[in-house]
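Coordinates in review
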Amino acid sequence: MNIQSFSKKFAVRVLEKSDISKVLFLCKGNELYYEYCPVFATRENILEDMTALPPKKTPEDKFYVGFFDARKLVAVMDFIRGYPEEKTAFIGFFMTDKSVQNKGTGSMIIGELCEYLSSAGFSAVRLAWVKGNPQAQHFWLKNGFSKIGETHDTNGHNVVLAERKL
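We now turn to the structure provided with this report. (Residues numbered from 1 in each chain as written. Predicted model: local features only at pLDDT ≥ 70, side-chain atom pairs only at ≥ 80, totals over all residues. Heavy atoms only, no water.)

**Observations regarding the nonpolar core**
Phe6, Phe67, Met77, Ile91, Phe94, Ile110 and Trp140 are the most contacted members of the largest nonpolar core, which totals 31 residues. Among the secondary structure elements, those contributing two or more residues to this core are strand S2 (62-69), strand S3 (72-80), strand S4 (88-96), helix H4 (105-119), strand S5 (124-130), helix H5 (134-142) and strand S7 (158-165). Sort the elements by how many residues they give to this core and H4 lands first, with six residues. Non-local contacts of Met77, meaning those with residues more than four positions away in its chain, are made with Phe63, Tyr64, Val65, Phe67, Ile91, Phe93, Phe94, Ile109, Ile110 and Leu113. Membership of the second largest hydrophobic core comes to 15 residues, among which are Leu24, Cys27, Met50 and Phe93. (Core = buried A, V, L, I, M, F, W, Y, C linked by side-chain atoms within 4.5 Å. Buried < 20%, exposed > 50% of the residue type's maximum accessible area, 1.4 Å probe, protein only. Helix = DSSP H or I, 4+ residues; strand = E, 2+ residues; numbered from the N terminus. Contact = heavy atoms within 4.5 Å.)

Okay, structure coming up:
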């Protein structure tokens, strides 16, 4: 998996413990997200998210990455390769910095990611958003994802499962 190929415009790299302050700063600018997912970002839960894995996945399948414009972190993504099926990628978390929202940056990143994943042999990308979050629903539907179900999942939140075929 060549994570640098996730974007043509931004430098992409795996985030490390030393990046937690940057991730926390980015998260703090996204108040609407936390209205629907009220466990606000902390250093501890960011560190936990960096290593959390779904069933039957290994650390080699997980990429907690940052998208950088020079030194500025503009987006964070939790990416799982081959989940829940071998040819499917899963985005566990995606958030852009408030300064780049409503400018097409998030859509561009997702478009470039999907283009790369298709060329790498993946057939779909899956994700979930907290039900009722209008910003998340609008963003993912606008970017070609379709609802495929609903579940009572993550920490007691109802989430909408969605998928984009590649």
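Now, onward.
**Comments concerning unusual backbone geometry**
Working note: non-glycine residues mostly have negative phi, and peptide bonds are mostly trans. With an omega of 0°, the peptide bond running from Tyr83 to Pro84 counts as cis. Take Pro84: it is sitting in the loop between S3 and S4. Its identity is not glycine, yet Ala70 carries a phi of approximately 60°, on the positive side. On the secondary structure map, Ala70 appears in the loop between S2 and S3.

**What about the packing of helix H1 (residues 20-28) against helix H3 (residues 43-51)?**
Two elements in contact, H1 and H3, have axes separated by 10 Å at closest approach and are oriented at 110°. Accordingly, the angle class assigned to the pair H1 and H3 is roughly perpendicular. Counted together, Ile20, Ser21, Val23 and Leu24 of H1 and Arg43, Ile46, Leu47 and Met50 of H3 form the full contact between these two elements. (Axes fitted to C-alpha atoms, helices over the stretch in contact; angles between N-to-C directions. Parallel < 35°, antiparallel > 145°, perpendicular 65-115°, else oblique.)

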